Structures are given as C-alpha cells and as structure tokens.
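Now for the letters of each chain:
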Amino acid sequence: MEYTLGEIAEITGAELDGDPDSKIRRVSPLQTAEADEISFLANKRHVQYLKDTKACAVILSAENKARCHVQTLVCDDPYLAFARTLRHMHPASTFTPGIHNSAVVSEESTISTSAHVGANVVIGAGSKIADHASIGPGCVIGKNVVVGENTTLVANVTLYDGTRIGSKGLLHPGVVIGADGFGIVKDRGEWLKIPQIGTVLIANDVEIGANSTVDRGALADTVIENGVKLDNQVQIGHGVKIGEHTAIAGCVGVAGSTVIGKRCMIGGHSAISGHIELVDDVIITGMSGVSNSIKKAGIYSSGIPVTENAKWRKNIARFRNLDEITRKLLQLEQRIDESSSD
Amino acid sequence: MEYTLGEIAEITGAELDGDPDSKIRRVSPLQTAEADEISFLANKRHVQYLKDTKACAVILSAENKARCHVQTLVCDDPYLAFARTLRHMHPASTFTPGIHNSAVVSEESTISTSAHVGANVVIGAGSKIADHASIGPGCVIGKNVVVGENTTLVANVTLYDGTRIGSKGLLHPGVVIGADGFGIVKDRGEWLKIPQIGTVLIANDVEIGANSTVDRGALADTVIENGVKLDNQVQIGHGVKIGEHTAIAGCVGVAGSTVIGKRCMIGGHSAISGHIELVDDVIITGMSGVSNSIKKAGIYSSGIPVTENAKWRKNIARFRNLDEITRKLLQLEQRIDESSSD
Amino acid sequence: MEYTLGEIAEITGAELDGDPDSKIRRVSPLQTAEADEISFLANKRHVQYLKDTKACAVILSAENKARCHVQTLVCDDPYLAFARTLRHMHPASTFTPGIHNSAVVSEESTISTSAHVGANVVIGAGSKIADHASIGPGCVIGKNVVVGENTTLVANVTLYDGTRIGSKGLLHPGVVIGADGFGIVKDRGEWLKIPQIGTVLIANDVEIGANSTVDRGALADTVIENGVKLDNQVQIGHGVKIGEHTAIAGCVGVAGSTVIGKRCMIGGHSAISGHIELVDDVIITGMSGVSNSIKKAGIYSSGIPVTENAKWRKNIARFRNLDEITRKLLQLEQRIDESSSD
C-alpha cells in the first residue's frame, strides 16, 4: 500500500511543508526511517535524531520545524497525528462472519449473522453476540452473557454467566471477566465462602489487556465505564467502579469496592486498597500504594527507586528506626532550645 | 424465590425482633434495599445508612439495634450471618453429569458417572475425576491427575501431570497448577534448567482465583493445605507449603521453598521471599515485602502510602541519603553531649 | 530405573570417593534421602543435615567432604552437578508426532511430520511448526507464526499473528505472546488506540512461565534474546529488548521500550519503568522499583522489608515528613555551628 503526504496532512490536520504527492509506505522511527517512510517527533529525547533522519517527512510541532531538513507536517500534537496516521494505514483486521463448525454454541443463544465465532468457542444458553462481534478461538462464554456490537474477544477469553460487555470492546487472551470476588468470612476458624451474586458491567470502547481479571460484584455489580483502558495482568476486585476514560497500566491491583474516578491514570505495578475512593483526574505514578481515599485531583506517588545495594542496606536499617531517629532529633532540638534560652 | 424472616433467623441463629412470616426475596445493601429485601450492618462506616433504610429487616449486632427503625435480626457476627443468608439463597449451581461429546478423554482415565466434563476438555491417561466433580469448558488435565469429589474447575484451567486436587475445591479460569518452578543454574554463563520432579498437592476446600499459578516442586512437593483461599493472580513458587485456612489476597507472589503457617492472612500485592518461614497466625498488610522469616504471630507491614508527587520527590531524595542524615544527627548529638559536659 | 555412582561421577565430572557400582534410584534432600538415593549439599544452611543423612552418596564441595560419613562426589559446583544428575535421570518427556484429529489446522500452514499438535489446537494460515516441536492442548496460534525446532508450548498458550519463537523454547500454560502493547493517546479527552504494528521475536532456548505476557512492539519489535528465562506472571511491555541469558523472576513488570542487558537478574515482584536502559550484568533484588537507567553493572535494591505494624505506622508517619525532618536537622546543625563559632 502507498499513501501520499497530502493524504496524511488531511487525516491529521497537520500543515504540510512539502510535496503533497510524495509517496510513503509506512511509519518508522526517526533513526531507522527510509526515503519512503514518514516519521514523527513526539519525545524531546529524540530531537537528537532529527538532523540525520532519512525519512520522507517528519510530523512535528512548530518549535522543532526549523531543525528539520526534510519535509514536515506541523501540528500541535505530533503523537496524536502519528496515531491517526498509523490508524489510517492499519485499520482493524476484518473477519469472516459465521460460526466455526467446532464451536459449541447453545441453541438458546442468539448469534448475529454478522458476528464471527471461532474454533472451539463455547457459548451458553441465553447469551447474545451482537452484530460484527468477533469471538476468537478457545473463548468460553457462559449463560446470559451479552457481547456488544463490534467487540472483539481475541482468544481464550472467559466470560462468566451474566456478564455484559458493551460495543467496540477489545479483550485480549487470558482475560477472565466475572470470576468470584475474594469474599470470605471466618466461621469458627475456617473460611466460609460468601456467594458473589453481583455481575460485571463493562461499557463501550473498553480495552482489557492479556491475562487481566475483573471479578463479579458481591452484592452490587462491578462497573467499568466507557473508554476505560486496562493493560495486561491488571486485577480488578469485586464491586469496584472505574470511571470513564481512566487508564490503568500493567500489573496493577484494585481491591474490592473501591471507586476510581474519571480520566484517572494509574501507573504500572501500583496497588489500590479496597473500600476507598479516588476522585476524577487523579494520577498515580508507577509502583505506588494507595491505602486511603484521594479527594483532590493531582499527581500522587510512593514508590522508592533503587540505589546500590550497599547503600540501600544502610538506608533500610535507618528506616526501620526512623521514628526513634526523629525523636532523637526532636529531643536534641529541645536541648538546644533550652540551652540557648539559658 | 421467597424466604421468611423466621427462616433466616433459624439459619443464622440470630434473634428476630419482628414478624417471622415477613417475606423477603433477596439481600441488598442498606442504602438500596427495598421492602422485600433484607439488609445487614457489618461495617461501622455504614451505620449512617441505618436511619433511612427501607429494608424489610436488618441483620446487626446488639449495640446497633436501638438505632434501627425496621425489623432486626440481632447476632454477634452480622457479616457471618449475612454470608449464611446469602449461601441459603444462592446454593452452588448444579451441573449435568456426563461427558460432552467434544471432550477428548483418555480411555485410560477414570471419570465418575456423577462427574461433569464440559466441552473441549482434555483429560490424560491415568487421571481420575471423582464423584460430583465438574470440569468446565477448555480445561486441560494431564496424566495421572486426581480431582477430588465435588471439586469444580470453572473453565480453561490447566493441571499438569501428577497434580492432585482434593475435594470441594474451586479453581477459577486461567489457573495453572504444576508448571515448572523457576529452577535454573548457571553453567558456563548460560542457564541450565533443573528438572522439576516434585508435584503439587492441594488438599480439601481450597479456592484458587482466576489466573493464579502454583508451581510443582523441584524435589519436594508444593503443598496447599485444607481450607486455603487464594485470590486472583497469586503466584506460588516451587516447594512452597501453605498451612490450613490461610488466605492470600490478589497479586501476591510467594517465592520457592517458603513455608507459610496456618490461619495467616497476606494482603494484596505483597511479596514473600523464598526459603523463609512464617509461623501460624501472621498477618501481612497489603503491598508489603517479607524477606526474612517471621517467628512470632502478629501484624507486619512495610508498604508506603502515596503522598502528593512534589512532596514525595523531596522525601525520596532524603531517603536516598537516610544513612548519612542519621550519621549527621548522631554526630550532632555527640557534639552537644560534649559541649554540655564541658 | 537404576543408576550407578560411577555413571553420576562421569556425567557431573565430580570425583567419587566410594564404590562406582553403588546403585541409586533418585535424588533426594539430605534430610529424607534413603539408602538407594543420592543427595547434595549446595546451601550452607543445610550443612547441619549432613551428619545424619542416610543417602547412598552426597554431592558436595571439597570443603565439606570431611564432615560427610557416606560416599562422596566432590566438585566445585555441587548445585550444577545436582542439576546435571537430575537432567540425566529425568530427560525431557517425549511426545508422539502427528496432529490430533480435534485440532483445527489451516491447510495453508506447514507442520513438520515430526511435530506434535495436540487436542483442540488452532493454527492459522502461513504458520510454520518446525521439527520436533510440540503444541499442547488448547493452544491458539495465529497466522504467519513460526515455532522453532524442539520448542514446546505446554497447553493453552496464545501466539498472535506474526510472532516468532526460536528453537528449544518452553512456553508454559496461559502465556500470551504478541498482544497489543498499551499504546494510547488522548484525543479530546478520550483515549485513541495506537495500532501496534511491531511483532515479538523470541530467540532460542527461552523459557516463559505460566501466565506471563510479552506484548508486540508498537513500531519496533519486542525482542527476547537467546537463553532468557522468565518466571510466571511476568509482564513484558511493547518494544522491550531483553539481552541474552537474563533471568526475570515471578510477577515482574517491564514497561515499554526499556532495554535490559545481558546476564541480568531481576528479583521477583520488581517493576522496571519504560524507556530506560539497564546495562549488562545488573542484578535487581526482589520487590524493587527501577525508574531510571542503570549504567553500571552491580546489585541494586529498593524494597522495604516488613516490621511490626505498630512500629511501621510510626515510621511511615515520619517518612511522610522526611524532608521537613531533614531540614530541621540541617537548621539545628547550623545553629550549633554558629553557637560553637561564637
């Protein structure tokens, strides 16, 4: 496939300084781009690569235009323009409607004739697969599940009975939606399981990464609102509510009954305690622990970055006594205050 | 289905102040309960909802009875009574005995006639599926595996050769039992794999959450005792032993050869090092790191909760120099001691 | 099966002090070994078990020979000799070549006649399964995938279109290779997905633990070099490059575009930020956070081990004010300096 710079300018809304008929075949990084490729500058650290790039053209912001010796597409948000270019060149893959003959589909389910049901899929009674949805190989869909229009389950996804996925969703392999929440109570020294009778409601345009899990509610439902993006290996506990357009990076765990607001961003490997609330527009940097509600938008952090092991050992030893160290300081201050007031 | 308050009083052992013939249909939170629903008060924070509840009756402790204007069921442990009520209303789902015709079951395996084997299940030679066990769609069971009575593998669970699961177990989708432990040794600059010849022994009444993994032992077996509950995305290393009635929350990792005692509780996202021992009745709060043995029952913690990013940056910079800061303090103390002894 | 001490001496290169015709059946720990078993001493903590062992012989280093009352095999690296002994006794399991009749294999794929394709496997067009490879039950392999010689996918593994796995690889159940990286960009308040058009290139002799995930590259490929070992539940982001013979323990996350050098070791539950670089021979201890590049080989750490909860609460409260505490100390120092210079 070939594209022209004029076409890219139109799609991205960028201002082209160059020949609109120049032909490109793909997008490449500044360092490796060749004469039939377009590149982009969206990260300050990559300015250094601008002077030697062999790209046909570069998408960049106005401030960097002067430094670029090849054709340019100038716009306010080069990363967004890059994304739009890629989306234009790589539209979502299509699939053939129909049900594979190895699929085990309940006669009491409703499968749209425009939907795709792949090899070895299992679909239970009462479930509905909407128009243009695609259920990839090995997926297991329980009873009374709804999968919305244009939603794709890539492969080996499991949806429990009664869960609902909206339209334009994308669930990667290994995702499990609607497993029992971790609801147990001590009964004479042993754990008694509490039936988890809520379900999971996932709205539209939600992407869930490989091997992520979203538990069903205990009483109230677990809710994932429109446009939420979950990376791989994310764990969402029972009864959690995640507000629209919130993004959660890989390996994050959110414990039960917590409410996360809209447009939040949670950095990778963070842990969010249960029964708390984060308001809209909260940003948590990676590897943080959130154990109390956050009532004000802003950036919050708690991870500790590495140091050399020898130094760390000493610092840790001090940390273990930080309260005593601080008390000693306060006593010292008092002694000095007293002695100077003598 | 309809239930009476008298019936609930009997099941829970709670003392009913109200009409035993009052009919209820389900359990709901205080805030949303309607006239045909029962509610419960098990969390101090929810006392505020008591005065406006429309529930038919509320399960609560004696101390809160006076604040409740609707019918009451008084007991010592309202959360346990709530669990019993739910279990009464929502008995475990039943399944149809028999082997689905798409399942690939070795002729040399033994499947109870009361067991259920779902679509696309694979079962190897020498394996035994006991009475009333249910193997859901897509599960892969190796050779010489034992699945005990009344145990359920929901879907897409993988059991390696030789692993044994006791009775009344519940394994959620994506669970992998018996994969090789991380046993490698350096051999002239490259890693040589050490065969993992132990197996995994899981006792009775064990629940394992979605996408959790329990590795087989290197030499000795990995052992999960009766009544242990593992949440989602928990990783149990090779040769680990977990004592009965211990509960481990989501995203926890336990490294190889570690022994965890009975009735322990490990908070979410914690990490437990290998080759250590935690005695019985240890509680680890969420996001903690345990790198040494714990020899005394009690509560242990190490996670650091978030602060505003700007403040965190300053604190982190100090933490990196905590040893030097402390030395400075000690020197200062010495100077003052010396000057005051002058 | 029976083996002789002479045979073990030859395989391991250890020096036998004993009868080369002594027969053994298996390897066991010092504490439990019986008269027809061989044991080994590779961990200082286990020296205590030497005096009472009933093993036929013990593999150990020269320094411990005098303490051993049974036959010995002396060598420099007893753990490596133990591994070689186990590998000799437990060769990798074999499988029957051929394609199971329940597998759904594209006619446009190429499956070696010496390869094994198990029950319910799905293989797409253009894919190639090389000689002696084994694709276990429930695996889903997309289009144009390459699985190299002697590589084993145990069960329920998912390989996306275009991914490539080298020879002698071992992928455990639940592994997902080639899912979309977490590439999103804000577009008028909503997330726009960025197509992930790179792939995943996994070289030879790579082992990937259960439920681990390796994302495809955004533009450039994600690369795992020869001999890399990943434990369970490891997450590798898009465009990451991991150098040969690096080992990464369980529950580690590596964010996008990061480059990890050769022969690194990353401890369990650690988090590595995106867009950074770790040079060769870096060791990161468990539960650490790495947010900046590491330019010098060595050991780095940042995890904080648990203390009693009551003490932790106090220390945490101080940590929140560590910058202020340090300022107070510096002021105090200044006051003392000034007063002593009076």
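Attention shifts here to the relation of the copies chain A and chain C. Of the transformation placing chain A onto chain C, the axial shift is 0.0 Å and the rotation is 120°, giving an RMSD of 0.1 Å. Here the two chains are linked by the operation of a three-fold rotation axis.

In summary, the side chains of a regular strand alternate between the two faces of the sheet. Residues and elements named next belong to chain C. By the alternation rule, side chains of strand 6 (residues 57-60) split into Ala 57 and Ile 59 and Val 58 and Leu 60, which are all buried. Pairing analysis gives 3 bridges linking strand 5 (residues 37-40) to strand 6, with the strands arranged parallel. Bridge assignment links Ser 39 to a residue of strand 6, and that residue is Val 58. The pairing of strand 6 with strand 7 (residues 71-74) spans 4 bridges and is classified as parallel. When the sheet's bridge partners are listed, Ile 59 is paired in strand 7 with Leu 73.

A few words now on helix 3 (residues 309-319) of chain B. Residues of helix 3 of chain B that are buried include every one of Trp 312, Asn 315 and Phe 319 of chain B, and no others. The buried residues of helix 3 of chain B occupy one face: seen down the axis, they fall within an arc of 70°. Along helix 3 of chain B, exposed side chains directed more than 90 degrees from the buried face belong to Ala 310, Arg 313 and Ala 317 of chain B. On its buried side, helix 3 of chain B packs onto strand 39 (298-301) and helix 3 (309-319) of chain A, strand 40 (307-308) and helix 4 (322-340) of chain B together with helix 3 (309-319) and helix 4 (322-340) of chain C.

Below, the discussion takes up the interface of chain A and chain C. In this assembly, 56 residues from chain A lie in contact with 60 residues from chain C. Of all the secondary-structure elements, those providing two or more residues to the side of chain A that touches chain C are helix 2 (78-89), strand 40 (307-308), helix 3 and helix 4 (322-340) of chain A. For the side of chain A that touches chain C, the element with the most residues is helix 4 of chain A, which contributes 8 residues. Both strand 40 of chain A and strand 39 (residues 298-301) of chain C contribute to a ladder of 2 bridges, which runs antiparallel. By the bridge assignment, Thr 307 of chain A is partnered in strand 39 of chain C with Ser 301 of chain C.

Moving on: the relation of the copies chain B and chain C. The operation relating chain B to chain C is a screw motion whose rotation component is 120°, with 0.0 Å of axial translation and a residual RMSD of 0.1 Å. An overlap of only 20% is found between the interface residues of chain B and their copies at the interface of chain C, pointing to separate contact surfaces.

We now examine the sheet that holds strand 33 (residues 259-260) of chain A. All names here are of chain A. A sheet is described by the order of its strands in space; here 9 strands give the open sequence 10-13-16-19-24-27-30-33-36, paired in parallel fashion. Looking at which strands have only one partner, the edges of the open sheet turn out to be strand 10 (110-111) and strand 36 (277-278). Here 2 bridges tie strand 27 (residues 222-224) to strand 30 (residues 241-242), and the two strands are oriented parallel to one another. Paired with Ile 224 across the strands is Ile 242, a residue of strand 30.

To characterise two packed helices, one gives the angle between the axes of the helices and the distance between these axes. At a closest axis distance of 7 Å, the pairing of helix 3 of chain A and helix 4 of chain B adopts a crossing angle of 55°. By the angle class used here, helix 3 of chain A and helix 4 of chain B are oblique. For the pair helix 3 of chain A and helix 4 of chain B, contact is made by Lys 314, Asn 315, Arg 318 and Phe 319 of chain A and by Leu 322, Asp 323 and Thr 326 of chain B, respectively.

To continue, consider the sheet that holds strand 7 (residues 71-74) of chain B. The strand order across the open sheet built from 5 strands is 2-7-6-5-4 (chain B), with neighbouring strands paired in mixed fashion. Both outer strands of the open sheet, strand 2 (15-17) and strand 4 (26-27) of chain B, are each paired with one neighbouring strand and no more.

What follows is about unusual backbone geometry. When glycine is set aside, most residues are seen to have a negative phi, and most peptide bonds are trans. All names here are of chain B. One non-glycine residue with positive phi stands out, namely Cys 251, at about 70°. Tracing the chain through its elements places Cys 251 in the loop between strand 31 (247-248) and strand 32 (253-254). A positive phi is found at Arg 263, a non-glycine position, where the angle reads about 55°.

What follows deals with the domain arrangement of chain A. Along its sequence, chain A is carved into domain 1 (3-89), domain 2 (98-300) and domain 3 (310-340). Each of domain 1 of chain A and domain 2 of chain A was reduced to a C-alpha centroid, and the two centroids are 37 Å apart.

What counts and how
Residues numbered from 1 in each chain as written. Chains lettered and ligands numbered in written order. Predicted model: local features only at pLDDT ≥ 70, side-chain atom pairs only at ≥ 80, totals over all residues. Least-squares fit on C-alpha atoms with pLDDT ≥ 70 in both. Buried ≥ 20, exposed ≤ 12 C-beta atoms within 10 Å, placed from the backbone. Helix = DSSP H or I, 4+ residues; strand = E, 2+ residues; numbered from the N terminus. Pairing = 2+ DSSP bridges. Arc of directions from axis to C-beta. Contact = placed C-beta atoms within 7 Å. Axes fitted to C-alpha atoms, helices over the stretch in contact; angles between N-to-C directions. Parallel < 35°, antiparallel > 145°, perpendicular 65-115°, else oblique. Domains from an automatic or database assignment.

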